[in-house]
Amino acid sequence: PSPSYRQVSAGVTGHAESLQVLYDPKVVSYEELLQVYWHQIDPTVKDRQFCDGGKQYRSAIFYHNESQKEAAYASFEKYMDSGVFGTKKLYTEIKPAKPFWPAEDYHQDYYLKKPMLYKYYRFNCGRDQYLRSIWGDQVPAPTNPDQ
């Protein structure tokens, strides 16, 4: 049985709140996806992403094969060694992928369904401010991809 979004976000299942990216390697490489990933998270705090705390909010990369595993570890080492995050300790886990259960429909595309709440959440959690302090203009402002 798949866990519900409410169960996962409550921290009672042991799962991580995550997303699954399906991609065409002819269009974008796994390494490029990893670069986007690092530009969207705060890996310097254990079991937390901005406002959200608990093991279910840990930063993690889930790989599907040995090549992805090697790329994930290489990117981790690159960012850890670079000092870009202001610390040598990064808490991002790198683990083999297990079955993925999508959240229920009401939580899919939340930023489109509730754009004002989503913007309010991002701003008040300091997410955009933190990312801009680390990456400057390398992080584009969030946009609606359907526009």
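Okay, the overall build of the protein chain next. For the protein chain, the helix and strand inventory stands at 6 helices and 4 strands. Reading the secondary structure of the protein chain in the N-to-C direction produces α-α-β-β-β-α-β-α-α-α. For the protein chain, the C-alpha radius of gyration of 16 Å lies close to 15 Å, the compact-globule estimate for 147 residues. Expressed along its principal axes, the backbone C-alpha trace of the protein chain runs to roughly 40 × 35 × 35 Å. Taking all 147 residues of the protein chain together, 28% fall into the buried category. As presented, the protein chain carries roughly 9,800 Å² of accessible surface, and 55% of it is formed by carbon and sulfur atoms.

Right, let's talk about the environment of Asp42 for a bit. Within the secondary structure, Asp42 is located in the loop between α2 (30-38) and β1 (48-49). Taking relative accessible area as the criterion, Asp42 reaches 10% and is therefore assigned buried. Spatially, the C-alpha atom of Asp42 lies 16 Å from that of Asp81, the residues being 39 residues apart in sequence. Of the polar contacts made by the side chain of Asp42, one reaches the side chain of Thr44; its length is 2.5 Å.

Attention now goes to the pairing of strand β4 (residues 93-96). With 4 bridges joining them, strand β3 (residues 60-63) and β4 adopt parallel strand pairing. Its bridge partner lying in β4, Phe62 is registered against Lys95. The parallel pair β3 and β4, bridged by helix α3 (residues 66-82), forms a crossover whose chirality is right-handed.

The next thing to look at is the state of the cysteines. Applying the stated rule across the entire model yields 1 disulfide. Between Cys51 and Cys125 runs a disulfide, and the two sulfur atoms are separated by 1.8 Å. Measuring the twist about the S-S bond at about -115°, one finds the Cys51-Cys125 disulfide to be left-handed. Here Cys51, found in the loop between β1 and β2 (52-53), pairs with Cys125, found in the loop between α5 (115-124) and α6 (127-135); they are 74 residues apart in sequence, far enough to count as distant. Look at Cys125 and you get buried, because its relative accessible area is 15%.

Further remarks concern the pattern of salt bridges. Enumeration over the complete set of coordinates arrives at 4 salt bridges. The salt bridge partner of Arg122 is Asp128, with a shortest N-O separation of 2.4 Å. A salt bridge links Asp137 to Arg132; the shortest N-O distance between them is 3.7 Å.

With that out of the way, let us pick up the confidence of the model for the protein chain. Chain-level statistics for the protein chain give a pLDDT mean of 91 and a share of 94% at 70 or above. Put simply, helix α1 (residues 5-10) is where the protein chain has its lowest mean pLDDT, 89, and β4 is where it has its highest, 98. Note on residues 143-147: pLDDT under 50 across the span, and 4 contacts to partners over four residues away in sequence or across chains.

Its place among the elements puts Glu77 in helix α3. When its relative accessible area of 35% is taken as the criterion, Glu77 is described as partly exposed. In the structure, Glu77 is positioned 71 residues away from Arg6 in sequence and 34 Å away in space, judged by C-alpha atoms.

Under the criterion given, the structure shown has 11 aromatic pairs. Taking the centre distance of 5.4 Å and the plane angle of 40° together, the rings of Trp38 and Tyr79 count as tilted. Here Trp38 is found in helix α2, whereas its partner Tyr79 is found in helix α3, with 41 residues between them in sequence. No difference in accessibility class separates Trp38 from Tyr79, as the two residues are buried. Among the aromatic residues, ring-to-ring pairing joins Tyr37, Trp38, Phe76, Tyr79, Phe85 and Trp135 into one connected group.

Cut-offs applied
- Residues numbered from 1 in each chain as written.
- Predicted model: local features only at pLDDT ≥ 70, side-chain atom pairs only at ≥ 80, totals over all residues.
- Heavy atoms only, no water.
- Helix = DSSP H or I, 4+ residues; strand = E, 2+ residues; numbered from the N terminus.
- Rg over C-alpha atoms; globule rule 2.2 N^0.38 Å.
- Buried < 20%, exposed > 50% of the residue type's maximum accessible area, 1.4 Å probe, protein only.
- Areas by Shrake-Rupley, 256 points an atom, 1.4 Å probe, with all protein chains shown as cover.
- Polar contact = N/O pair within 3.5 Å; in protein donor to acceptor, adjacent residues only side chain to side chain.
- Pairing = 2+ DSSP bridges.
- Right-handed = clockwise from strand over helix to strand, strands pointing away.
- Disulfide = S-S within 2.5 Å.
- Salt bridge = Lys/Arg side-chain N within 4 Å of Asp/Glu carboxyl O.
- pLDDT = per-residue confidence, 0-100.
- Contact = heavy atoms within 4.5 Å.
- Phe/Tyr/Trp six-rings, centres within 6.5 Å; stacked < 30°, edge-to-face > 60°.

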